[in-house]
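Overview (structure and organization)
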Amino acid sequence: MAEESKKNPVVVSVINLKGGVGKTTVSALLARYAVKMNLSVLAVDVDPQANLSQALMTENDYKQFMENGESSIV
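Below is a summary of the structure that appears in this document. (Residues numbered from 1 in each chain as written. Predicted model: local features only at pLDDT ≥ 70, side-chain atom pairs only at ≥ 80, totals over all residues. Heavy atoms only, no water.)

Quick look at unusual backbone geometry
Of all residues except glycine, most have a negative phi; of all peptide bonds, most are trans. Of note, Asn38 is a non-glycine position whose phi angle comes to about 65°, a positive value. With respect to the helices, strands and loops of the structure, Asn38 is situated in the loop between α1 (23–36) and α2 (51–55). With relative accessibility at 71%, the residue Asn38 sits in the exposed group. One non-glycine residue, Ala50, adopts positive backbone phi at about 55°. (Helix = DSSP H or I, 4+ residues; strand = E, 2+ residues; numbered from the N terminus. Buried < 20%, exposed > 50% of the residue type's maximum accessible area, 1.4 Å probe, protein only.)

Things to note about α1
For α1, built from 14 residues, the straight-helix expectation of 20 Å at 1.5 Å per residue is met to within 8% by its first-to-last C-alpha distance of 20 Å. Buried residues of α1: Ser27, Ala28, Ala31 and Ala34, and no others. For α1, the angular spread of buried residues about the axis comes to 130°, placing them on one side. Residues of α1 that are exposed and angled more than 90 degrees away from the buried face: Leu29, Tyr33 and Lys36. Contact partners of the buried residues in α1: α2. (Expected span 1.5 Å × (residues − 1). Arc of directions from axis to C-beta. Contact = heavy atoms within 4.5 Å.)

These values are about where atoms sit, not about what they do.
Here it is as structure tokens:
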């Protein structure tokens, strides 16, 4: 078994009770950086405004998402 497959997943939580402190921005940047490092990423956006989901989509993907009324799980 390859050494990499033995590693446990890393869980990163960005939490702060105050709004407007950059939680979504930090989360999006961390997710994008991890992808660039060839890591598998699952970004979970529990905010009803879904700003993290929007930040991780391309502009065309977001437009299509809004036009099609797709599920909020992206």
